[in-house]
Amino acid sequence: MKAIVTGASSGIGREMAIYLGKLGYDLVLVSRDINRLKETASKIDTNVEIYTADLSNKENCFKLYDKYKDEEIDLLVNGAGFGLFGNTWETDINKEMEMINLNVLSLHILTKLFLQDMMKRDKGHILNIGSAAGFLAGPGLNTYYATKNYVVKWTMAIYEELRSIKSNVKVSCLCPGPVDTNFNKVAGGSFTTKPLTSEYVAKIGIDRCLAGKLVTVPGLSIKLGLLLNRLVPSWVSL
């Protein structure tokens with residue numbers, strides 16, 4: 001079994017890679033940070049390949065696919081992404097474009113290309129790391145929330161397309177709330193909700209993906225919060 005994990009240098013992606021190694025998967029770890037990738041690889045006992053790339057550049061997404069398209073990839077984890085706190089008129093537009101390219105464009109390209117190969121074999125799993133933010137609007141973090149809305153809804157639509165033809169290929173979306181990672185440091189802000197551990201979120205995300213589940217929202221408080229959000233007026237939600 002072989003899996004590709006993007007964003008494997010830290011956070012949820014890193015913990016997913018380590019957990020997949022425990023499950024017996026050989027791994028391709030993808031990130032811009034080669035030193036952190038090596039650190040992740042050192043904690044995995046199965047065969048590990050390190051692939052350094054900036055996936056916010058779409059050409060690098062195609063290069064990653066081209067390198068592994070002839071191998072049987074059993075699982076693709078799209079974990080690369082970041083956020084950016086601030087009001088729309090204050091945030092750096094170039095940073096926002098980088099975020100959209102990484103959170104949306106790279107995920108779209110890799111999902112589509114590897115999905116086509118999995119369809120030919122009629123097997124395989126794709127796990128897109130979305131967010132509870134994907135069901136909401138996020139003043140002060142609005143572009144990030146918008147990118148995760150894309151990830152969640154697009155993954156859900158693909159799931160139904162596959163289900164309607166009874167395909168054995170499965171796609172899943174992991175939608176955590178705040179997680180104890182370096183997200184806040186990169187995004188330049190903080191959440192007030194107590195975060196879950198990245199180890200817990202990674203394990204439940206992988207387990208439910210391999211079980212063919214569509215959406216996973218870890219944590220009871222986040223589940224209840226999303227349910228409540230559906231019952232209140234938009235101005236309250238915002």
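Above this text is the structure in question.
Residues numbered from 1 in each chain as written. Predicted model: local features only at pLDDT ≥ 70, side-chain atom pairs only at ≥ 80, totals over all residues. Heavy atoms only, no water.

Draft legend 1. A look at the overall build of the protein chain. Assigned secondary structure in the protein chain consists of nine helices and seven strands. At 17 Å, the protein chain has a C-alpha radius of gyration in line with the 18 Å of a compact globule built from 238 residues. Overall, the protein chain is about 50 × 40 × 30 Å in size when its C-alpha atoms are taken along their principal axes. Restricting to contacts in the protein chain with at least 6 residues of sequence separation, those with at least 24 account for 63%. (Helix = DSSP H or I, 4+ residues; strand = E, 2+ residues; numbered from the N terminus. Rg over C-alpha atoms; globule rule 2.2 N^0.38 Å. Contact = heavy atoms within 4.5 Å.)

Draft legend 2. Fine view of the packing of helix H3 (residues 58-68) against helix H4 (residues 93-121). Where H3 meets H4, the axes come as close as 9 Å, and the angle between the chain directions of the two elements is 25°. One element, H3, and the other, H4, form an angle in the roughly parallel class. Crossing hand, H3 versus H4: right-handed. Packed against H3, whose contacting residues are Lys58, Cys61, Phe62, Leu64, Tyr65 and Tyr68, the element H4 presents Leu105, Ser106, Ile109, Leu110, Leu113, Phe114 and Asp117 at the interface. The residue makeup of the contact of H3 with H4, split by class, is ten nonpolar, one polar and two charged. (Axes fitted to C-alpha atoms, helices over the stretch in contact; angles between N-to-C directions. Parallel < 35°, antiparallel > 145°, perpendicular 65-115°, else oblique. Left-handed = near helix turned anticlockwise from the far one by under 90°. Nonpolar A, V, L, I, M, F, W, Y, C, P; charged D, E, K, R; others polar.)

Draft legend 3. A look at the pattern of salt bridges. Counted by the stated rule, this structure contains eleven salt bridges. In this structure, the salt-bridge partner of Arg36 is Asp33, at a minimum N-O distance of 3.8 Å. A relative accessible area of 36% means that Arg36 is categorised as partly exposed. Asp33 gets classed as partly exposed once you look at its relative accessible area, which sits at 30%. A cluster of three or more residues bridged by salt bridges with shared partners is formed by Arg32, Asp54, Lys95 and Glu98. (Salt bridge = Lys/Arg side-chain N within 4 Å of Asp/Glu carboxyl O. Buried < 20%, exposed > 50% of the residue type's maximum accessible area, 1.4 Å probe, protein only.)

Draft legend 4. Here's a closer look at the pairing of strand E2 (residues 26-31). Counting buried residues along E2, five of its six residues qualify, which places the element largely inside the surrounding structure. With five bridges joining them, strand E1 (residues 2-6) and E2 adopt parallel strand pairing. Paired with Ile4 across the two strands is Val28, which belongs to E2. Crossover handedness for the path E1 to helix H1 (residues 11-22) to E2: right-handed. Across five bridges, E2 lies against strand E3 (residues 48-52) in parallel orientation. Directly across from Ser31, in E3, lies its bridge partner Thr52. (Pairing = 2+ DSSP bridges. Right-handed = clockwise from strand over helix to strand, strands pointing away.)

Draft legend 5. Fine view of the side chain of Ser56. Mapped onto the secondary structure, Ser56 falls in the loop between E3 and H3. Under the relative-accessibility criterion, Ser56 is labelled buried at 13%. Here Ser56 is in contact with Glu98, Asn101 and Leu102, once residues within four sequence places are set aside.

Draft legend 6. Up close: the packing of aromatic side chains. Taken as a whole and assessed by the stated rule, the structure comprises four aromatic pairs. With 5.1 Å between their ring centres and 80° between their planes, Tyr65 and Phe114 make a pair best called edge-to-face. Pair noted here: Tyr65 is in helix H3 and Phe114 is in helix H4, with a separation of 49 residues, a long-range link. The pair Tyr65 / Phe114 is uniform in exposure class, with both members buried. With a centroid separation of 6.0 Å and 35° between ring planes, the pair formed by Tyr150 and Trp154 is classed as tilted. One end of the pair is Tyr150 and the other is Trp154, both in helix H5 (residues 142-164) and four residues apart, which spans about a single turn. Here Tyr150 falls in the partly exposed class, since its relative accessible area comes to 33%. Between the NZ or CZ atom of Lys67 and the centre of the ring of Tyr68, over which it lies, the distance is 5.6 Å. In this structure, Lys95 is placed above the aromatic ring of Phe82, and the distance from its NZ or CZ to the ring centre is 5.3 Å. (Phe/Tyr/Trp six-rings, centres within 6.5 Å; stacked < 30°, edge-to-face > 60°. Lys NZ or Arg CZ within 6 Å of the ring centre and 35° of its normal.)

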